[in-house]
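# Observations on chain architecture
Listed below are the residues making up each chain.
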Amino acid sequence: MSPPPRMPLVLRIALIVAVMAAIFAVDTTTRYEVAAAVFYAVVILTTARLLGRRALVALCAACVVLTVASLVFTPHGDLRSGLINMGISVAAIVMTTWLVLKMETARAAAHEAQAQLLRIARIKSLEGLTTSIAHEVNQPLAAIVTSGNACQRWLAQEPPNLERARQALERILADAGRASGIIARVRSLTRGEPPQRSAFDFNDAVQEVLALSQAGMEINHIALTVELADGLPPALADRVQVQQVVGNLLLNAMEALGPVPAAARRLRVESARDGEAILFTVTDSGVGIVPGMSEHLFDAFWTTKDEGIGVGLSISRAIIEANGGRIWAEPVVQDGAVFHFRLPAAGAEPRP
Ligand code: ADP
């Protein structure tokens, strides 16, 4: 739906004030039984897209004050009905404002997800992958638009159907959460920029990632062995991206160790010189890779986890290859899994 054309601020305020004055006049001059104040909810609904959050809350407060004032100044009718009508009107005003504010929050989250998606889509080396990600993210975004339109229809009814609107908003929030979740996982693995290759100390970069994972390993009783080779040549790659891959391999290993008894949770991290390259290896004693799984490991959106989305390894491969290296898993090992990647060392030609 396209946004309404923007009016000058003064005109907007004048229009809102005029409509509210008309509602106040009708509500005050008619009998208690006529609940004209409920139309303030429609004012809030129709002006929501023109106002900011603070202005909307102020408008809501003004509507509530005017509703109460009308009751005080209404000269005739059944006071009991007047009190009940005032209660309904105030509830409708406050609920409508609350729902509109929630809807704006969900809309902002959807916009943010879309903006991030666009940034990610610019990465040349991940072109094939981003098509799949765009597809995944578009589903919740389309659902958000559908629920948003439904929500607007429920709110525009007279009186507004607040329960159905609330349900539509819950769907919007859940879908926005899904979209941001997908983007957050992808963004945690790639900054959306081409690799900035430079020479760096590979072991130092690995140690930094290990320091971040330390607490998680201790809590999960994982016995960690680190064997980083002395005298490695500097690696020639994008340091941050390589750390993202290391972090992803560690995270996968930790997740694979989850179902294994605490006493049997072992994780080994190694670096070694491999001719003119650097070889990195993560070995875990987790659930392992069964035959038939290994050919799918690096496919986008292939996952065996309930909460997984299956992009970690495919992005890891894209990153390592964009940095002139190679990543692979040993097809099947006994009791666990072994993942390796090889990166060119500074001064060496990248290997195929
Ligand atoms: P996700 O972690 O979201 O599932 P990944 O691309 O990182 O996505 O991993 C894809 C799949 O590869 C996982 O669902 C899991 O089945 C398998 N996998 C990855 N690492 C390991 C490991 N260390 N041990 C066993 N299986 C693994």
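Residues numbered from 1 in each chain as written. Predicted model: local features only at pLDDT ≥ 70, side-chain atom pairs only at ≥ 80, totals over all residues. Heavy atoms only, no water.

Rules: UniProt positions are given in the numbering used here, feature names are shortened, and annotations may be inferred rather than shown by experiment.
In the annotation of an unreviewed UniProt entry, the protein chain is listed under the name histidine kinase and assigned to Stenotrophomonas nitritireducens. Looking at the Catalytic activity (unreviewed entry) heading of the UniProt record, one finds this comment for the protein chain: "ATP + protein L-histidine = ADP + protein N-phospho-L-histidine."

## Structural notes on the environment of Phe39
Quick reminder of the rule: Under the scheme used here, helices are H or I runs from DSSP no shorter than 4 residues and strands are E runs no shorter than 2 residues, and both carry numbers assigned from the N terminus. Any pair of residues with heavy atoms lying within 4.5 Å of one another is described as a contacting pair.
Looking at the element boundaries, Phe39 is found in helix H2 (residues 39-47). Spatially, the C-alpha atoms of Phe39 and Val19 are 9.6 Å apart, while their sequence positions differ by 20 residues. If near-sequence neighbours (up to four positions away) are discounted, Phe39 is found in contact with Ile23 and Glu158.

## Side note on helix H1 (residues 9-29)
Each full turn of the α-helix corresponds to 3.6 residues, which orients residues three or four apart in the same direction. Stated precisely, the cut-off is as follows: One fewer than the residue count of a helix, multiplied by 1.5 Å, yields its expected span. A simple rule labels every residue: compare its accessible area, found with a 1.4 Å probe on the protein chains alone, to the largest value its type can have, and call it buried under 20%, exposed over 50%, or partly exposed in between. Directions pointing from the helix axis toward each C-beta atom define the arc.
In this model H1 runs 30 Å from its N-terminal to its C-terminal C-alpha over 21 residues, within 8% of the 30 Å that 1.5 Å per residue would give. Taken residue by residue, H1 has Arg12, Ile16, Met20, Ile23, Asp27 and Thr28 as its buried positions. The arc that holds every buried residue of H1, seen down its axis, measures 125 degrees, which confines them to one face. Facing away from the buried side of H1, by more than 90 degrees, are the exposed residues Val10 and Thr29. Structurally, H1 contributes buried residues whose contacts are with H2 and helix H3 (53-73).

## Side note on the packing of aromatic side chains
The criterion, for reference: Only rings of Phe, Tyr and Trp enter the pairing, Trp through its six-membered ring, and a pair is recorded when the two centres are within 6.5 Å. The plane angle decides the type: under 30 degrees is stacked, over 60 is edge-to-face, the rest tilted. Two thresholds decide whether a charge sits over a ring: the Lys NZ or Arg CZ must be within 6 Å of the ring centre and within 35 degrees of the ring normal.
Tallied over the entire structure, the rule returns four aromatic pairs. With a centroid separation of 6.1 Å and an interplanar angle of 80 degrees, the aromatic rings of Phe202 and Phe341 are classed as edge-to-face. With Phe202 in helix H7 (residues 202-219) and Phe341 in strand S7 (residues 337-344), this residue pair connects regions lying 139 residues apart in the sequence. Note on accessibility: Phe202 and Phe341 belong to one class, buried. Their ring planes at 65 degrees and their centres at 6.4 Å tell us that Phe298 and Phe339 sit as a pair that is edge-to-face. You can see Phe298 sitting in the loop between strand S5 (277-284) and helix H9 (312-322) and its partner Phe339 sitting in strand S7, a full 41 residues away along the chain. Here Phe298 and Phe339 have matching classes, each one buried. In this structure an aromatic cluster arises from ring pairing among Phe202, Phe280 and Phe341. Residue placement shows Arg326 over the ring face of Trp328; its charged tip is 4.4 Å from the ring centre.

## Considering a nonpolar patch on the surface
This is how the line gets drawn: Within the patch definition used here, like charges are joined within 9 Å and nonpolar side chains (Val, Leu, Ile, Met, Phe, Trp, Tyr) within 5 Å, considering only residues with over 30% relative accessible area and no salt bridge. The protein chains shown are the only cover counted for residues, whose accessible areas, like all others here, come from Shrake-Rupley with a 1.4 Å probe. When a carboxyl oxygen of Asp or Glu is within 4 Å of a side-chain nitrogen of Lys or Arg, the pair counts as a salt bridge.
A grouping of Leu9, Ile13 and Val17 is seen on the molecular surface, where their side chains present a nonpolar patch of about 280 Å² in accessible area. Tracing the chain through its elements places Val17 in helix H1.

## With respect to the site of the ligand
The cut-off we apply is this: Being near a molecule or strand, for a residue, means having at least one of its heavy atoms within 4 Å of it. Polar contacts here mean pairs of N or O atoms no more than 3.5 Å apart (in protein, one a potential hydrogen donor and the other a potential acceptor; neighbouring residues in sequence count only if both atoms are side-chain atoms).
Among the 21 residues in the neighbourhood of the ligand, the closest are listed as Thr303, Thr304, Lys305, Gly310 and Leu313. Between the ligand and Lys305 there is a distance of 2.7 Å, counted from an oxygen atom to a side-chain nitrogen or oxygen. Contact between the ligand and Gly310: an oxygen atom at 2.9 Å from a main-chain N or O atom of the residue. Against a free-state accessible area of 540 Å², the protein chains account for coverage of 98% of the ligand. Those elements that place two or more of their residues in the shell around the ligand are helix H8 (239-257), H9 and S7. The greatest single-element share of the shell around the ligand, amounting to three residues, is contributed by H8.

## With respect to the side chain of His340
Within the element layout of this structure, His340 appears in strand S7. Among the residues examined, His340 registers a relative accessible area of 9% and is labelled buried. A distance of 2.9 Å separates the side chain of His340 from the side chain of Thr281, its partner in a polar contact. There is a polar contact of 2.8 Å between the side chain of His340 and the side chain of Glu330. Contacts of His340, omitting those with residues within four sequence positions, involve Leu279, Phe280, Thr281, Arg326, Ile327, Trp328 and Glu330.

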